[in-house]
Every structure is written in C-alpha cells, then in structure tokens.
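# Observations on the model geometry
In case you want the letters, here they are:
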Number of protein chains: 4
Amino acid sequence: MISKQTHLAEHRIHLRVRYSETDQMGTFYNSRALEWFECGRTELLRAAGVPYAEMEARGVLLPLIEAHVEYFGRARYDDLLEMTTRAAFCGKARLRFDVEIVHAPSEQSRADCAPAARRIARGYTVHAISDAAGKPIRPPDWLLTALPQEGRA
Amino acid sequence: MISKQTHLAEHRIHLRVRYSETDQMGTFYNSRALEWFECGRTELLRAAGVPYAEMEARGVLLPLIEAHVEYFGRARYDDLLEMTTRAAFCGKARLRFDVEIVHAPSEQSRADCAPAARRIARGYTVHAISDAAGKPIRPPDWLLTALPQEGRA
Amino acid sequence: MISKQTHLAEHRIHLRVRYSETDQMGTFYNSRALEWFECGRTELLRAAGVPYAEMEARGVLLPLIEAHVEYFGRARYDDLLEMTTRAAFCGKARLRFDVEIVHAPSEQSRADCAPAARRIARGYTVHAISDAAGKPIRPPDWLLTALPQEGRA
Amino acid sequence: MISKQTHLAEHRIHLRVRYSETDQMGTFYNSRALEWFECGRTELLRAAGVPYAEMEARGVLLPLIEAHVEYFGRARYDDLLEMTTRAAFCGKARLRFDVEIVHAPSEQSRADCAPAARRIARGYTVHAISDAAGKPIRPPDWLLTALPQEGRA
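The structure presented is a predicted model; accordingly, all values stated were derived computationally and were not measured.

## Section: the overall build of chain A
A count of helical and extended segments in chain A gives three helices and seven strands. Here chain A, with 153 residues, has 55% of them falling under the buried criterion. Long-range contacts, defined here as pairs at least 24 residues apart, represent 72% of the contacts in chain A between residues at least 6 apart. Taken as a whole, chain A presents about 6600 Å² of accessible surface, with 53% of it coming from carbon and sulfur.

## Things to note about the relation of the copies chain B and chain C
Superposition of the two copies of the chain requires a rotation about an axis and a shift along the axis. Overlay of chain B on chain C (RMSD 0.0 Å): rotation 180°, translation along the axis 0.0 Å. Classification of the inter-copy transformation places it as that of a two-fold axis. When each C-alpha of chain B is compared by its distance to the rotation axis, H68 of chain B comes out closest, at 2.2 Å. Of the interface residues in chain B, 100% have counterparts in chain C that sit at the interface too, so the contact is made through matching surfaces.

## Describing the interface of chain B and chain C
On the chain C side, the residues contacting the 22 residues of chain B number 22 residues. A buried area of about 1800 Å², summed over both sides, lies between chain B and chain C, and 52% of it is on carbon and sulfur atoms. Broken down residue by residue, the surface that chain B buries against chain C is led by M25, L34 and Y71 of chain B, which jointly contribute 25%. One can count 17 residue pairs in polar contact (both at pLDDT 80 or more) joining chain B with chain C.

## A few points about the interface of chain D and chain A
Listed by partner, the interface residues are 22 residues for chain D and 22 residues for chain A. Summing both partners gives a buried area of about 1800 Å² for chain D against chain A, and 52% of it is carried by carbon and sulfur. Along the contact surface separating chain D from chain A lie two salt bridges. Here R32 of chain A and E35 of chain D are joined by a salt bridge, their closest N and O atoms 3.4 Å apart. In this structure, the connection of chain D to chain A is made through 17 residue pairs in polar contact (both at pLDDT 80 or more). Where the side of chain D that touches chain A is concerned, the elements lending two or more residues are α1 (32-47), α2 (52-57) and β3 (64-71) of chain D.

## Topic: the side chain of D98 of chain C
All names here are of chain C. Assignment of secondary structure puts D98 in strand β5 (residues 94-103). With a relative accessible area of 16%, D98 lands in the buried category. A polar contact of 2.8 Å, which involves the side chain of D98, links it to the side chain of R96.

## Some words on the environment of K92 of chain D
All names here are of chain D. Checked against the element boundaries, K92 lands in the loop between β4 (80-90) and β5 (94-103). Spatially, the C-alpha atoms of K92 and A75 are 37 Å apart, while their sequence positions differ by 17 residues. Residue contacts for K92: discarding those within four places in its chain leaves R138 and P139.

## A closer look at helix α1 (residues 32-47) of chain B
All names here are of chain B. Between its first and last C-alpha atoms α1 spans 23 Å; for 16 residues at 1.5 Å apiece the expected length is 22 Å, and the two agree. Within α1, 13 of the 16 residues are buried, which leaves the element mostly enclosed by the surrounding structure. The positive-phi residue at the C-terminal boundary of α1 is G49, with phi of around 90°.

## Points about the sheet that holds strand β3 (residues 64-71) of chain C
As a general point, the strands of a sheet are linked pairwise by backbone hydrogen bonds and lie either parallel or antiparallel. Within the open sheet, the ten strands sit side by side as β1(B)-β4(B)-β5(B)-β6(B)-β3(B)-β3(C)-β6(C)-β5(C)-β4(C)-β1(C). Their pairing is antiparallel. Both outer strands of the open sheet, β1 (9-16) of chain B together with β1 (9-16) of chain C, are each paired with one neighbouring strand and no more. When strand polarity is set aside, the average angle formed by the axes of neighbouring strands in this sheet is 15°. Two elements, β5 of chain C and strand β6 (residues 119-128) of chain C, share nine bridges in a ladder whose sense is antiparallel. Residue E100 of chain C lies in a different strand from β6 of chain C, and its bridge partner there is R122 of chain C.

## Points about unusual backbone geometry
You will see that D78 of chain C, though not glycine, has its phi angle at about 75°, which is positive. Tracing the backbone through its elements, the reader meets D78 of chain C in the loop between β3 and β4 (80-90).

## Topic: the packing of aromatic side chains
Under the counting rule described, the total for this entry stands at 20 aromatic pairs over all chains. A centroid spacing of 6.1 Å and a plane angle of 70° characterise the contact between Y52 of chain A and Y77 of chain B, whose relative ring orientation is edge-to-face. Residue Y52 of chain A is located in helix α2 (residues 52-57), and its partner Y77 of chain B is located in the loop between β3 (64-71) and β4 (80-90); the two belong to separate chains. A relative accessible area of 9% means that Y52 of chain A is categorised as buried. Of the residues examined, Y77 of chain B reaches a relative accessible area of 5% and is grouped as buried.

## Some words on the pattern of salt bridges
Applying the stated rule across the entire model yields 44 salt bridges over all chains. With a shortest N-O distance of 2.9 Å, E21 of chain C and R18 of chain D are connected by a salt bridge. Placement of E21 of chain C in the loop between β1 and α1 (32-47) and of R18 of chain D in the loop between β1 (9-16) and α1 is noted, with the two residues assigned to different chains. Judged by relative accessible area, which is 3%, E21 of chain C ranks as buried. Looking at R18 of chain D, the relative accessible area reads 9%, which means it is buried. Connected through salt bridges with shared partners, the residues R16 and D78 of chain A together with E43 and R46 of chain B form a single ionic network.

## Focus on the pairing of strand β5 (residues 94-103) of chain A
For β5 of chain A, the buried fraction is high: seven of the ten residues fall into the buried class. Counted along the chain from strand β4 (residues 80-90) of chain A to the antiparallel partner β5 of chain A, the turn is three residues long, and its residue G91 of chain A has a positive phi close to 65°.

How each quantity is defined
- Note on numbering: residues in each chain are counted from 1, in written sequence order.
- Throughout, the order in which chains and ligands are written sets their labels, letters from A for the former and numbers from 1 for the latter.
- Confidence filtering applies because this is a predicted model: local features only for residues at pLDDT of at least 70, side-chain atom pairs given and counted only at 80 or more, and all residues used for totals across whole chains, interfaces and linings.
- Note: side-chain values were computed over all heavy atoms of the structure, leaving out hydrogens and water.
- Helix and strand labels come from DSSP, where a helix needs a run of H or I of at least four residues and a strand needs a run of E of at least two; each type is numbered from the N terminus.
- The classification of residues rests on relative accessible area computed with a 1.4 Å probe and restricted to protein chains. Under 20% of the type maximum is buried, over 50% is exposed, and intermediate values are partly exposed.
- Contacts: residue pairs with any heavy atoms within 4.5 Å of one another.
- Every accessible area reported is derived by Shrake-Rupley at a probe size of 1.4 Å, with residue values counting cover from the shown protein chains alone.
- Fitting of the copies onto one another was done by least squares over C-alpha atoms, counting residues only where both copies have pLDDT of at least 70.
- Buried area: the accessible area, evaluated with a 1.4 Å probe, that two parts lose upon being put together, summed over both parts.
- Polar contact criterion, stated in full: a pair of N or O atoms within 3.5 Å, where within protein one must be able to donate a hydrogen and the other to accept it, and residues adjacent in sequence count only if both atoms are side-chain atoms.
- We define a salt bridge as a contact between a side-chain nitrogen of Lys or Arg and a carboxyl oxygen of Asp or Glu at a distance within 4 Å.
- By this rule, a helix spans an expected 1.5 Å times one less than how many residues it contains.
- Here, any two strands with at least 2 DSSP bridges between them count as paired.
- Helix axes use the C-alpha atoms of the stretch in contact, all axes being lines fitted to C-alpha atoms, and the angles between their N-to-C directions lie in the range 0 to 180 degrees.
- Centre distance within 6.5 Å is the pairing criterion for rings of Phe, Tyr and Trp, where only the six-membered ring of Trp is used; planes under 30 degrees apart are then read as stacked, over 60 as edge-to-face, and the remainder as tilted.

Right, here's the structure in full:
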C-alpha cells in the first residue's frame, strides 16, 4: 500500500503585513516568511490540541533543521494574507510543515481570483522531535494522535 | 478653558507573543514593544476610519520622531497580550499615541487580577504629520474628525 | 562637590544598515534603533573588559526597564553609521546608556559636515542590575571598576 | 567542455550574534539566518566592486525568488560567526548565492577544530535579475565581469 502522505492536519490563519515587516523594495522582507511560517505552526498545533508552549513544558521540542521558501509575489504593508499550514510526520523523528501564503480573497480586487494568481510564497520547514536535552525521540503517542496522517492505518 | 487632552480615540487589540519575538532571557526582546505599538496604531487608525495605508496613499505620512517605553513585566512565547492605544494631537503638527500592554485577563491565573498587576509595558510614540515630500503639515480636517479630542470644541 | 556625571566609559562603533532593517518608507524601521543600541552596549562592555555574555554567566543581568529614542534623520540600506555609547550608573542599582547615532563622516558628501547635520537618532536605555533570579543588586565592584565615572572619587 | 560552476566569486565575513537575534531556546532564531545571508551577499558584492546599493541605483535589482537553509548547530549571543558566501550565475537571468556559517576558529576551544565540527548553518538564495520595473533581464556585462565563473571562458 502506498502512503500518499496527504496532510490531514491542516490549518488556515489570516495575518496582516506589519510595517516593520516591509523593506525598502515595498514588499515584505524575505526572512519574515519564516516568522509567519512559525505563526502558522503555532496555530495549527493549538487547533490540534497540542499547543507548542505546552509541548515545550512537557519536554518535547521541535528544533528546526531545514527551511525552504519560494517567493512568487509582493505583499505590502497592511495586506491581509491567508496562510495554510499542513503537518506531516516524515522518517522516524521528523515533523514537516508545508505552508502556502496567498492574498486573502476579500482583500482587494486583484485578489478575487484563483489562489494561483494570488500567490505570495510557499515553503516548508522540517523539525527534529527531541527531548529537552536535544536528544532525538520518536513522536509521542499524544502527538501522533493529535496530527493524524492519511494512509497510516 | 483647560484642555484636558483626555484621549477619546482609544482602541484595544489582542496579540500573541511570537517565538521570533522572544530572546534568550525567555521574555520578549525589548524592541518588539515598538513593533507592537505599530500594530496598535494601525488598528486604531483603521477603527477610526482612516487606515494608515490609505493615509499614505493620500500623501499624508506620520513619520516617527520620538518613542518611549517602560518595561514592567515579562511576557513569554504564546502569551496573549492586551494592548490599549490612545491617540491625541499635540502642538500644531504632531500626533501622539499612548500605549499600555498587559497580560490578557483570560490568559492565565496570575493575570486574573488588576491591570496594574498584569502590566508588561507602557509607552508612547510621537509622530510628525507630513506630506509625501516630508514637509510638516497641519492635520487635515478628515484626520481631526476621525480622531476627536475632548475639550477641543 | 557636584557630581557632573560626565560619562568616562564611552565607546564608538560603526555599523551598516542592513536591507532587513529598512522599511517601505526607505529608511530604517524605528525599532531597529533599539537593536543597534544593544550592539553599542555589547561593544562598550567588551571594551571595558566585562563582556555581557560573561556577566550573564556570572549571574549579573542588566534587564531593560526604560528606553527612549528621538529620530532626526533618515538612514538608507548600506549607509555607514557611527554610534557613540556612554555608560553611567544612576541611583543604587541602575545603569544607563546614552547613545548617539550619526552618519559616519567618510560615508558620503552630505555627511562631511558637523555631527549635528549628520544626526540620525539619539536616545538612552536604563537597566536594572539584578542577579540571575531577577532580584535587584548593587553594582558589583568589578563592574564599578570597569565603568569609571567622573566626580565619584 | 563541462562547466564545473565552481564559484570564483567568494567572500568571507565575520559577525556576532546580537541579543535581539536569540530566542528563548538560547540559540539564534531561525529567520536570522536569512538576514545574515543578506549581509554576506552585500559584502561579497561590495568586494567585487558592485555594491548592491549602487546596483539598485542603476536600476538592476536582485529580488529573492528562493531560499533554503539547513541548521546544524547552535550559536549563542555574542558568538563570533564566520560566513562564507559564493556567487554563481545559473540559467539566463538568475544569480545564486551559496552560504556556509560556522563558529569562527578563534572564538572558543570547541571551535578550534575542523569546520565540519563547527557548523551552524548552510543554505542558498536564488535571485532573479530584473530592471527597476521588475522585468527579468540578462545579467549586464559589468555584473558578469565582476563575478567571474570558472569554466566559462
């Protein structure tokens, strides 16, 4: 049986570009995408019942080991963004989040079209799953339960 | 008649501390307060019907000329903050925003007490009112109307 | 005898505006000033023989309790800045850093004039002196020795 | 003939981790790597005689279209980092920068070993080459000359 790894743990949030996140090119500075990705992970984990602040308090950390971003379009100060985050386990002790950021549909006329035309950025982050001492661990059962994956049963 | 300068234009928002905003002391890094102040101004102006992005498009800018912050307490990753912003004109071409940041009441037991006990930071920013070329201007009527001040009539 | 509180512990550094520090107005975003102030403190303390990383390791912390910035002029991406930091004890358990940021003289023709004409920002930060648990302490002798103050003998 | 694409345009800089760049895990926050990559590009281009600020003034922009980072080790506040940046043209209108960040050898005993043992992060950014209107252009001759590539002659 083929594991299709479609992500069942998916979450969508909206956020606005802060003035502090723009640069002199008039769009968001590139590294802000990684900060937004973090907001997406935080809210996905909260929605899944495992807030990351509680995970850290339980001694389960998700240190970042890889990040990738592709940039497609501009986003200006105060633009409303729609960010979709999907979580998937990969390997024995890895958690991967895939993220897409588009202009929110209601925002402006140019955004009232297909997501492809509203694209801002896309990317992923890969995280180790470790204990408080930094030692890799297998995902605890409560984390596996909280983030169900298709094709795993 | 004494102008009491109580701020009628007041607005309250909530925001969560991002992981990217913490530092190795385990609280938010000090400069983040100024970034949060900006979020407060942005939402106050939107609520008042004069979104700052539209003001800039109209050629009315609010460059920052002074900022002050006092720090009272810690705020950790994912803490929910309540920020109150008040706007007041001062002098002929100045707009001042006063800001208070406290732990949101519902957040955690220690926060279910008086605002004074939940205090995180307090401060203000003073802005020139200028045209697109940077020349100081008097506040336009639509801005004065949008941000009513007590004791002015 | 009058304590003149002229700051004998003074240090000057240069730094360049990063692209990430600009905003869509084409100058540095306001909160970056506080990040640069931190660079100035770090290098002043290193030059004085008490690197802050070592102070933290010894259990002496300098949590920020107040910050103030005045903004005078623009600074663009890649501009070379000259920042002067001065340290002074104030009260029983307070350390204050005063900072001035100007365009470096060699940078560009407009900058080859008096510092007043090259001004970018000025401000200060006030720090508690505390132990690792956050309890205020008097400045240790090694810190008083490292940061001599005029008019104190 | 095989174009080996070894990067002849290579540049090395040192930088210190700012307190503002740390997070509550005690290492640098992940997005800072992209801000440091930018410092590496800026100094490589300056060393090559084509400062990016001048390129922008000439109407040649390098908007980021892709970024990738792998994280290997921690770096704390005030750690001295050594960053090596290499530039290579790829495709018709693309410039790619490869970056490696390690602990500077002189920094501390643990760092006095092979670069592999001192590794902090590695990654790359891919940039379009565009005119001021955002239209892709072929690299101008002065840029090709400034960034020589092996195996091209």
